[in-house]
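Coordinates in review
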Amino acid sequence: MGSGCCFRSPCNSRMVSSPVIVRAQAILQKEMVREVLAELISTYVMMVFGLGSVAHMVLGGNLGSYLGVNLGFGFGVTMGVNIAGKISGAHMNAAVTFTNCALGCMPWKKFPVYVLGQFLGSFLAAATIYGLFYTAILDYSGGQLTVTGPTATANIFATYLPDHMTLWRGFLDEVSGPGGVPLLRPSPPQEGDSRSPSQSRGREFRVGTVPGHISAPGFGLGPWVATMASTPQVLLTGLLQLCLFAITDPRNNPAQQGTQAVVIGLLVVTIGVSLGMNSGYAINPSRDLPPRFFTFIAGWGVQVFRAQDWWWVPVVAPPLGAYLGGIIYLVFIGSTIPQEPQILENPMEYEDRKIHALPTTTPPQMGTSSLTPVSESRVKRASVRPVIPLSDSIHTEQF
């Protein structure tokens, strides 16, 4: 009897939950739901690999490196494209989504759906990395969650400016940059610190500020001088979007079918190792803002938004740079690609459609009864009788 109850319970639960399962399956079949889940999962995978590699560089000493961070983000992007490429396109970047909407590649109604999935996936990835490396973070920082200084750990999750960068110089860098790796520099020995590099569990990194630079956006002469003097940073995000269009444009020379994910991942790695020094090429709002908000509620405090007034730059600048890069490709490359003439696969079928489209010239037989037999050969001759096409009918059949 006891066994009977045990076996009967799962069956009853399935019978009771079956309408719920059917309803859930119906919801999952909706296009918007599938797209938001695809963006959520692909962004989560990309961010777990990327943030995990940053944690190794900050906390693990010789276990991590800047090259390892670029590889982590690059191949994280590759895995994300493999996961969601056929469902949502695997944007994983709000700047890419914005550009596709602004250039008419997708409707604006999908923009909040994609961004919602990306932000949720990135936030959950930050929470995952925090849970996995919690003890290492506390051990490295001495139990103090700091944003700047020799034992800063907030830079595991979001980007902060190095010493040699000003706010507006960093803004132009983000307009041109395509990634999301926080730039970290080894800190010099601090007074009262008797540890040698070999005695330290991990290398110490710090994120500093430029002495005397004006960090409040829009005030003073400093930002304008920096803007006029630092045009190279306008290049990176535009390069990302331009190359993405080239990789996926079937009219140009796209990546071979099945290799797009690897090529896009290598693109991120290449830009990171060549152009990521200034500000960590944090050009992805979906990569920077949700983890930054997580650190705000996880114990780092409001300083994650106040440090150098930097937090808004990886949110505002990347969409601008991606949009400019997309326009450059469409105007100077996409519009100059010669159009190939359309070739009919079955010309005879098209000719048949032309003959049937013409008005019949055979006069109708008014006196024929419905019971009068009609010769089969007569019908066949009438159907293949040559007809001189009229000029009006030819004009209407032009493609």
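Conventions and cut-offs
- Residues numbered from 1 in each chain as written.
- Predicted model: local features only at pLDDT ≥ 70, side-chain atom pairs only at ≥ 80, totals over all residues.
- Heavy atoms only, no water.
- Helix = DSSP H or I, 4+ residues; strand = E, 2+ residues; numbered from the N terminus.
- Buried < 20%, exposed > 50% of the residue type's maximum accessible area, 1.4 Å probe, protein only.
- Areas by Shrake-Rupley, 256 points an atom, 1.4 Å probe, with all protein chains shown as cover.
- Patch = residues over 30% accessible without salt bridge, like charges linked within 9 Å, V, L, I, M, F, W, Y side chains within 5 Å.
- Salt bridge = Lys/Arg side-chain N within 4 Å of Asp/Glu carboxyl O.
- Contact = heavy atoms within 4.5 Å.
- Core = buried A, V, L, I, M, F, W, Y, C linked by side-chain atoms within 4.5 Å.
- Axes fitted to C-alpha atoms, helices over the stretch in contact; angles between N-to-C directions.
- Left-handed = near helix turned anticlockwise from the far one by under 90°.
- Nonpolar A, V, L, I, M, F, W, Y, C, P; charged D, E, K, R; others polar.
- Disulfide = S-S within 2.5 Å.
- Polar contact = N/O pair within 3.5 Å; in protein donor to acceptor, adjacent residues only side chain to side chain.
- Phe/Tyr/Trp six-rings, centres within 6.5 Å; stacked < 30°, edge-to-face > 60°.
- Lys NZ or Arg CZ within 6 Å of the ring centre and 35° of its normal.

Turning our eyes to something else, we now look at the overall build of the protein. On a plain count of helices and strands, the protein comes out with 16 helices and 2 strands. Burial analysis of the protein (399 residues in total) assigns 41% to the buried set. Per element, the accessible surface of the protein, about 22,200 Å² overall, is 65% carbon and sulfur.

Our focus in this paragraph is a nonpolar patch on the surface. Taken together, Leu28, Leu37, Ile41, Phe49, Met79 and Ile83 make up a surface patch of nonpolar side chains, about 500 Å² in accessible area. The set of elements that each furnish at least two residues to the nonpolar patch consists of helix H2 (31-59) and helix H3 (66-84). Within the secondary structure, Leu28 is located in helix H1 (residues 2-28). The exposure class assigned to Leu28 is partly exposed, which follows from its relative accessible area of 42%.

Turning our eyes to something else, we now look at the environment of Leu145. One can find Leu145 in the loop between helix H6 (134-141) and helix H7 (167-176). Note: C-alpha distance between Leu145 and Gly301 (156 residues apart in sequence) is 8.7 Å. Ignoring sequence-local partners within four residues, the contact set of Leu145 consists of Ile137, Leu138, Thr153, Ala298, Gly299 and Trp300.

Counted according to the given criterion, the structure contains 4 salt bridges. Across the pair Lys110 and Glu35 runs a salt bridge whose closest N-O atoms are separated by 2.9 Å. Residue Lys110 is found in the loop between helix H4 (94-102) and helix H5 (111-132), and its partner Glu35 is found in helix H2; the two are separated by 75 residues along the sequence. Judged on exposure class, the residue Lys110 and its partner Glu35 are both buried. A single salt-bridge network, built from bridges that share partners, covers Glu31, Glu35 and Lys110.

Grouped together as the largest cluster of nonpolar side chains are 50 residues, with contacts concentrated most on Leu59, Ile137, Ile156, Phe157 and Trp300. Of all elements in the fold, only H2, H3, H5, H6, helix H9 (236-248), helix H10 (260-275), helix H11 (285-300) and helix H12 (303-306) reach the threshold of two or more residues within this core. The dominant element in this core, judged by the number of residues it contributes, is H2, at 10 residues. Judged by nonpolar contacts, the second largest core, of 5 residues, contains Leu161, Trp312, Val313 and Ala317.

At a minimum axis distance of 7 Å, the contact between H2 and H5 shows a crossing angle of 35°. Judged by the twist between their axes, the crossing of H2 over H5 is right-handed. Here the contact of H2 with H5 is built from residues that sort into 16 nonpolar, 7 polar and 2 charged.

Turning to its location among the elements, Thr97 is positioned in helix H4. Beyond its immediate sequence surroundings of up to four residues, Thr97 is in contact with His91, Met106, Phe111, Tyr114 and Gln118.

Applying the stated criterion across every chain, the model contains 0 disulfides. Among the cysteines around Cys101, which has no disulfide bond, Cys105 carries the closest sulfur, lying 8.8 Å off.

A few words on H11. Judged by how many residues are buried, H11 sits mostly within the fold: 12 of 16 residues are covered. Among the residues of H11, Pro285, Ser286, Arg287, Asp288, Leu289, Pro290, Pro291, Arg292, Phe294, Thr295, Ala298 and Trp300 are the ones counted as buried. Its side-chain oxygen at 2.9 Å from the backbone nitrogen of Ser286, Asn284 defines the N-terminal cap of H11. Backbone geometry just after H11 places Gly301 at a positive phi near 85°.

With that settled, consider the packing of aromatic side chains. The tally for this structure, following the rule as stated, stands at 15 aromatic pairs. Taking the centre distance of 5.8 Å and the plane angle of 65° together, the rings of Phe98 and Trp108 count as edge-to-face. Taken as a pair, Phe98 in helix H4 and Trp108 in the loop between H4 and H5 lie far apart in primary sequence, 10 residues in all. Exposure remark for Phe98: the relative accessible area of 27% places this residue in the partly exposed category. Owing to a relative accessible area of 46%, Trp108 belongs among the partly exposed residues under this scheme. Seen from their ring centres, Phe293 and Phe296 are 6.0 Å apart, and the 35° between their planes marks the pair as tilted. Here Phe293 pairs with Phe296, and both are found in helix H11, just 3 residues apart, close to one helical turn. Residue classification places Phe296 among the partly exposed residues on the basis of a relative accessible area of 33%. Ring pairing ties together the aromatic residues Phe123, Tyr130, Tyr134, Phe157, Phe293, Phe294, Phe296, Trp300, Phe305 and Trp311, which thus form one cluster. Directly above the ring of Tyr160 sits Arg292, whose terminal nitrogen or CZ lies 4.8 Å from the centroid.

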